[in-house]
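# Reading the structure
Each chain, written out:
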Amino acid sequence: MSERHVGLTRDEMAQRCALDIPDGAYVNLGIGIPERVAAFLPAGREVIYHTENGLLGMGPPPRPGAGDPELINAGKQQVTANPGAAYFHHADSFAMIRGGHLDVCVLGALQVAQSGDLANWSTGAPDAIPAVGGAMDLVAGVKTVYVITQHTTRDGEAKLVESCTYPLTGLGVVDRIYTDLAVIDVVDGGFQVVELSPGVSFAYAQERTAAELIPHE
Amino acid sequence: MINKQVASVAEAVADVFDGATVMIGGFGEAGSPIELIHALIDQGATDLTVVNNNTGSGEVGLAALIKAGRVSKMICSYPRSTNSTVFPDKYRSGHTALELVPQGTLAERIRAGGAGIPAFYTPTAVGTPLGEGLERRTFDGRDYLLVHGLTADFAFIRARAADRHGNVVYSKTARNYGPVMAMAARTTIVQATAVVDVGELDPEIIVTPGIFVQRVVEVADPAHESELIAAGVSYP
């Protein structure tokens, strides 16, 4: 467990990702750590959050007791609508996604392959009820796909791999990965390290990756 | 005179037949037409194919319909819920089949069905298990999959307001699948919190024009799924 203290916390990963969200972007944040990105957007940037169930201009959760069961996000949590928000139906919402109108989405991952393949919807366990939601549409349509994930599973298995063993969400779709250990771009040659987290050596990150990392510089 | 308003939810769903395909609006509890679903449970139709994003929560609404054994097939994108084992039990026992569809593909299949388009190509799910067996074609160097439009015998929709012509406005994110399901069903039934006089709804803000709606019923104080579940309600 002490190894978890090396590298970034979940919030620090979200904070690092937030630095890369440009001013003026239309952004979809997945459930879990990706949702935290909104809390760390640098001051002075105006970003419009899309939630695929039908809202652009999603705001923070409501004050306790002030929520509306008919105003929720894709995780089915109650949210608010910012001034300038718009509601729309599901086919329009996914036209925004599939049609390439959204600038950035941030998703979680079970595995990312060095080709940019993403697996994040199913472990393929035979007794599991399969459920996919909007993940396959997001990776097929959004211009830039970021992934935030722990570098390894709780059991220490690498999540950055040569090729995914779990069922795929999309082929060659991931642009950049933010882990507790590093920021990594998916480039033609594989996993390009952009930066290592404080106190993390290249060798340490490489040992925990089941594919070759390309060193920074 | 056109008057699509009916007096009760029981009357609204009276002709749903065994084996019908029913589109049910809602994403989670937002937009779930609970009173129409409960009326359908009372009415008794069975062997239904139901199209919804999810499979319901607790033991009310859609989950109660599934629990009552009335649903032989679900077409949905996310049949998982933190507070219900109704669908998993029916799925594992083989009583209720599942057609899993990516959420955006589901919405567009419904829209296409309502728009008279039998099939279309989409980039979603290429190279994934959900794309297996589908016809593939390349346009401008990118691969796409052929998927079919969806239509239904009935659609159940929850709205904020409607008029006797069937014009509809929705509430916030409860709109979700309502407008496209209204287009795709031969008989679209809307439960509205208020049925207002013709002319009261501003034509500029009507979301679903009345041509897509066959029946309107007023449910002045509709239940919210989460509140029923918190109160321990199990329907019937």
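All values derive from a computational prediction rather than experimental measurement.

## Description of the packing of aromatic side chains
What the rule picks out here adds up to five aromatic pairs over all chains. When the centroid spacing of 5.4 Å and the interplanar angle of 85° are considered together, the rings of A:Tyr146 and A:Tyr178 count as edge-to-face. One end of the pair, A:Tyr146, is in strand 8 (residues 144-148); the other, A:Tyr178, is in strand 10 (residues 176-178), with 32 residues separating them in the sequence. Considered together, A:Tyr146 and A:Tyr178 belong to a single accessibility category, that of buried residues. On the basis of an interplanar angle of 25° and a centroid distance of 5.6 Å, the ring pair of B:Phe87 and B:Tyr91 is categorised as stacked. A residue pair is termed a helical-turn pair when its members lie 3 or 4 positions apart in one helix, as B:Phe87 and B:Tyr91 do in helix 4 (residues 86-92) at four residues. Pairwise contacts between aromatic rings join B:Tyr121, B:Phe139 and B:Tyr144 into one cluster. Note that A:Lys76 overlies the ring of B:Phe27, its terminal NZ or CZ placed 4.6 Å from the centroid.

## Some details on the side chain of B:Thr49
Summarising the element assignment, B:Thr49 is placed in strand 2 (residues 48-51). In contact with B:Thr49, not counting residues within four places along its chain, are B:Ala20, B:Thr21, B:Val22, B:Lys73 and B:Ile75.

## Observations regarding unusual backbone geometry
Residues and elements named next belong to chain B. Backbone torsion omega between Tyr235 and Pro236 reads 0°, so that peptide bond is classified as cis. Even without being a glycine, Asp47 presents a positive backbone phi close to 60°. When its relative accessible area of 45% is taken as the criterion, Asp47 is described as partly exposed. At Lys172, a residue that is not glycine, the phi angle is positive and equals roughly 50°. Secondary-structure assignment places Lys172 in the loop between strand 9 (168-169) and helix 6 (178-184).

## So, the environment of B:Glu204
All names here are of chain B. Its place among the elements puts Glu204 in the loop between strand 10 (185-196) and strand 11 (215-218). Accessibility expressed as a relative area gives 71% for Glu204, which makes it exposed. On a C-alpha basis, the gap between Glu204 and Gly94 in space is 47 Å, while along the polypeptide they are 110 residues apart.

## Let's talk about the nonpolar core
Core analysis: the largest hydrophobic core is formed by 38 residues, its most contacted members being B:Val16, B:Leu48, B:Leu65, B:Met74 and B:Phe156. Listed by contribution, the elements that provide at least two residues to this core are strand 1 (21-24), helix 2 (34-43), strand 2, helix 3 (61-67), strand 3 (71-76), helix 4, strand 4 (97-100) and strand 8 (152-163) of chain B. Setting aside residues up to four positions removed in sequence, B:Val16 forms contacts with B:Val22, B:Leu40, B:Gln43, B:Ala45, B:Leu48, B:Phe154 and B:Phe156. Of all hydrophobic cores here, the second largest spans 28 residues; its members include A:Ile97, A:Val145, A:Val147 and A:Ile184.

## Quick notes on the sheet that holds strand 1 (residues 26-29) of chain A
Residue and element names in this part refer to chain A. Taking strand neighbours across the sheet as the criterion, the ten strands line up as 4-3-2-1-5-8-10-11-12-13 in an open arrangement whose pairing is mixed. With one partner strand each, in any of the chains shown, strand 4 (80-87) and strand 13 (213-214) form the two edges of the open sheet. Direction of pairing for strand 8 relative to strand 10: parallel, over a ladder of three bridges. If you follow Val147 over to strand 10, its bridge partner there is Ile177.

## Some remarks on the side chain of B:Ser171
Along the polypeptide, B:Ser171 turns up in the loop between strand 9 and helix 6. Within the structure, B:Ser171 has its side chain in polar contact with the side chain of A:Glu70 (distance 2.9 Å). If near-sequence neighbours (up to four positions away) are discounted, B:Ser171 is found in contact with A:Glu70 and B:Arg160.

## Topic: the sheet that holds strand 7 (residues 142-148) of chain B
All names here are of chain B. If you walk across this open sheet you meet the three strands as 5-7-6, and the pairing is antiparallel. Whereas interior strands pair on both sides, the edge strands pair on one side only; in this sheet they are strand 5 (119-122) and strand 6 (136-139). Geometrically, the sheet is characterised by an average inter-axis angle of 40° between neighbouring strands, direction not taken into account. Bridge count for strand 6 against strand 7 is four bridges, and the pairing is antiparallel. Bridged to Phe139 within strand 7 is Arg142. Against the sheet, helix 5 (residues 103-114) touches strand 5 and strand 7, its axis set at about 150° to strand 5.

## What to know about the environment of A:Gly124
Looking at where A:Gly124 falls in the secondary structure, it is placed in the loop between strand 7 (118-119) and helix 4 (135-141). With 44 residues separating them along the chain, A:Gly124 and A:Leu168 place their C-alpha atoms 9.9 Å apart.

## Things to note about the confidence of the model for chain B
The predicted model of chain B has a mean per-residue pLDDT of 97, with 100% of residues at 70 or higher. Interface confidence for the predicted complex, given as ipTM, is 0.96, next to a pTM of 0.97.

## Some words on helix 3 (residues 90-98) of chain A
All names here are of chain A. Most of helix 3 sits inside the fold, with seven of its nine residues counted as buried. Residues of helix 3 that are buried include every one of His90, Ala91, Ser93, Phe94, Met96, Ile97 and Arg98, and no others. At the C-terminal side of helix 3, Gly100 shows a positive phi close to 80°.

How each quantity is defined
Residues numbered from 1 in each chain as written. Chains lettered and ligands numbered in written order. Predicted model: local features only at pLDDT ≥ 70, side-chain atom pairs only at ≥ 80, totals over all residues. Heavy atoms only, no water. Phe/Tyr/Trp six-rings, centres within 6.5 Å; stacked < 30°, edge-to-face > 60°. Helix = DSSP H or I, 4+ residues; strand = E, 2+ residues; numbered from the N terminus. Buried < 20%, exposed > 50% of the residue type's maximum accessible area, 1.4 Å probe, protein only. Lys NZ or Arg CZ within 6 Å of the ring centre and 35° of its normal. Contact = heavy atoms within 4.5 Å. Core = buried A, V, L, I, M, F, W, Y, C linked by side-chain atoms within 4.5 Å. Pairing = 2+ DSSP bridges. Polar contact = N/O pair within 3.5 Å; in protein donor to acceptor, adjacent residues only side chain to side chain. Axes fitted to C-alpha atoms, helices over the stretch in contact; angles between N-to-C directions. pLDDT = per-residue confidence, 0-100.

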